[in-house]
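Summary of structural features
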Amino acid sequence: MTILSVGTRPTETVVPAGLRVGVLALQGDFREHALVLRELGAIVDLVRRPEELDRIDGLVIPGGESSVMDKLARTFGLAEPLQTAIRGGLPVYGTCAGLIMLADTILDGMNGQQSLGGLDIKVRRNAFGSQTASFETDLDIPVLGDLPVHAVFIRAPVVETVGPRARALATLDDGRCVAVEQGNLLGTSFHPEITGEYRFHQYFLQKLVAAAR
Amino acid sequence: MTESNSAEQFGSSRVKRGLAEMLKGGVIMDVVTAAQARIAEDAGAVAVMALERVPADIRSQGGVARMSDPDLIDSIIAEVNIPVMAKARIGHFVEAQILEVLGVDYIDESEVLSPADYKNHIDKWNFTIPFVCGATNLGEALRRINEGAAMIRSKGEAGTGDVSEATKHIRTINGEIKRLTSMSRDELYVAAKELQAPYELVAEIASTGKLPVVLFTAGGVATPADAAMMMQLGADGVFVGSGIFKSGNPEQRAAAIVKAVTFYDDAKVIAEVSRGLGEAMVGINVSDIPAPHLLSTRGW
């Protein structure tokens, strides 16, 4: 069930030919991200193996179960090259589990859960409680324009501490941070990919295009 | 079934269906103790299903199978960080109310337990918590979605270790979806009648070519190859019940099935993870089960 929010649909292609966007496809809603990126004109590769990292110009880490992604990324040798790529400036956008993967520090993680790191933040996993506490709401996100972003939080994390190198992009009414950026990295606690919200992906693709120049 | 944008909204279809979206490409494992839940999480399960007896034991021990003791469910919730699902009997809306207050993440209104109502399923719109329901064909899946199910799993035949029914059900559902996409509107009216499902849902599927909710497969999956086959047949993910903890080496088998689901289209990886797993569950051939003991025929 794709619900398109009026006015957020892209009107023009923002990705120059030849640029490839990877979507980490170990587990989670990677197909939804691929769909949004393709509608924005990007060439999309699903990424499950280390060698598939070589040809991409940016990566999206989808929603899903962060502990499973972490285990599979390490088992199949993706974690290390990904960390190197992130340190080297690869643009990466993470939603929900993806945000957790990009955080320098995970709070309430599992036994031995590791993140790739990159964002100077502390993220609390599953910060709202069980599924009955999951919700949707509208957020003001100035960097994306005046129209509020309709955001879906599903057993979502929150950014508990934003370090000096990262910047908060959105907060809930109670002040908790739910979207951040730092250089070429972007992370959200919520899931633009399942609400027909294109602006975050557009914003990310702009970073990717700028980084490729 | 769509909600308008407003302030904070809990329990909307989008939020309920959304959790299932996040489980895609993953394995949900049946567990009967906190210790098994720990093994499942460590092996890479995306969620666990808390229940008192795995289907294979329900099948061999007989008797009425009911919702689990809340203490057991609490202990499993306390043990793991991944989502916890639990089963309520078909039509037993009070078991569902209990599971909701216990704080599980998803309720499985399941044919594996003894039905509490031979006519009605639970009105799942009444709940904030999402439901997954079993289906053997498209009509059954659509009736469940119409009642508010936010996720569907094809039933298979639970507790057998025989994947043939799971194969049949996922093929049936996807085959019927494909057929709808080729129909004109006048034919869709008849199809809705034949599927015993609302026309609006039938028309939606005819135009999108897929269910409006996530479709997992269940019932008889016992090996990494079984799980990968379900994924190649179009499942979004896999439930494994008795297949893990009724096998010789649950830790290794569980981890192997997780990998096989991620790399479901890569036979080299599946071959590698299939090595040295020890004994698979012994199982029982579905064709040897007398009709009254089939679980997949429960649900209406």
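Residues numbered from 1 in each chain as written. Chains lettered and ligands numbered in written order. Predicted model: local features only at pLDDT ≥ 70, side-chain atom pairs only at ≥ 80, totals over all residues. Heavy atoms only, no water.

As annotated in an unreviewed UniProt entry, chain B is Pyridoxal 5'-phosphate synthase subunit PdxS from Cryobacterium luteum. As stated in UniProt under Sequence similarities (unreviewed entry), the record for chain B gives "Belongs to the PdxS/SNZ family." Under the UniProt heading Subunit (unreviewed entry), the entry covering chain B gives this text: "Homohexamer and homododecamer. In the presence of PdxT, forms a dodecamer of heterodimers." (UniProt positions renumbered as here; feature names shortened; annotations may be inferred.)

Here the focus is the packing of aromatic side chains. Taken as a whole and assessed by the stated rule, the structure comprises 13 aromatic pairs over all chains. Ring geometry for A:F128 and A:F153: centres 6.0 Å apart, planes at 65°, overall edge-to-face. With A:F128 in the loop between β6 (119-124) and β7 (135-139) and A:F153 in strand β8 (residues 149-153), this pair connects stretches of sequence that are 25 residues apart. Of the residues examined, A:F153 reaches a relative accessible area of 0% and is grouped as buried. Residues B:Y189 and B:Y199 carry aromatic rings whose centres are separated by 4.5 Å and whose planes lie at 25° to one another, so their mutual orientation is stacked. Residue B:Y189 is located in helix α8 (residues 185-195), and its partner B:Y199 is located in helix α9 (residues 199-208); the two are separated by 10 residues in the primary sequence. Given the relative accessible area of 45%, B:Y189 is considered partly exposed. (Phe/Tyr/Trp six-rings, centres within 6.5 Å; stacked < 30°, edge-to-face > 60°. Helix = DSSP H or I, 4+ residues; strand = E, 2+ residues; numbered from the N terminus. Buried < 20%, exposed > 50% of the residue type's maximum accessible area, 1.4 Å probe, protein only.)

On to the nonpolar core, then. By size, the foremost hydrophobic cluster in this structure holds 137 residues, and its most contacted members are B:L142, B:M151, B:I152 and B:L180. Take this core: its biggest share by element is six residues, from helix α12 (residues 250-262) of chain B. When sequence neighbours within four positions are dropped, the list of residues in contact with B:L142 reads B:L195, B:A197, B:L201, B:V202, B:I205 and B:L211. Counting 38 residues, the second largest nonpolar core, distinct from the first, contains A:L19, A:V158, A:L169 and A:V178. (Core = buried A, V, L, I, M, F, W, Y, C linked by side-chain atoms within 4.5 Å. Contact = heavy atoms within 4.5 Å.)

Residues and elements named next belong to chain B. For helix α5 (residues 93-102), every residue scored as buried is listed here: E95, A96 and L99. For α5, the arc enclosing every buried residue in end-on projection is 100°, short of the 170-degree limit, so these residues lie on one face. On its buried face, α5 is in contact with α4 (70-79), β4 (84-89), β5 (106-110) and β6 (131-135). In the segment just after α5, G103 is the residue with positive phi, at about 85°. (Arc of directions from axis to C-beta.)

Before going further, it helps to examine unusual backbone geometry. Of note, A:D108 is a non-glycine position whose phi angle comes to about 60°, a positive value. Topologically, A:D108 is positioned in the loop between β5 (103-107) and β6. A positive phi angle, near 55°, is found at B:Q196, a position not held by glycine. When you line up the elements, B:Q196 lands in the loop between α8 and α9.

The grouping of A:D138, A:D140, A:D146, A:D173 and B:E8 at the surface amounts to a negative patch. Its location among the elements puts A:D140 in the loop between β7 and β8. (Patch = residues over 30% accessible without salt bridge, like charges linked within 9 Å, V, L, I, M, F, W, Y side chains within 5 Å. Areas by Shrake-Rupley, 256 points an atom, 1.4 Å probe, with all protein chains shown as cover. Salt bridge = Lys/Arg side-chain N within 4 Å of Asp/Glu carboxyl O. Lys, Arg positive; Asp, Glu negative; His and termini not counted. Charge placed at Lys NZ, Arg CZ, Asp CG, Glu CD.)

In this numbering, the UniProt entry assigns the feature "domain: PdxS/SNZ N-terminal" (unreviewed entry) to residues 13-218 of chain B. End C-alpha atoms of residues 13-218 of chain B are separated by 23 Å, and the span's content is 47% helix alongside 16% strand.

Looking now at the confidence of the model for chain B. Residue and element names in this part refer to chain B. Summarising the model, chain B shows a mean pLDDT of 94, and 98% of its residues fall at 70 or more. pLDDT under 50 marks residues 1-6. Its contacts with residues more than four places away, or in other chains, come to 17 contacts. Across the interfaces of the predicted complex, the ipTM metric reaches 0.93, alongside a pTM of 0.95. (pLDDT = per-residue confidence, 0-100.)

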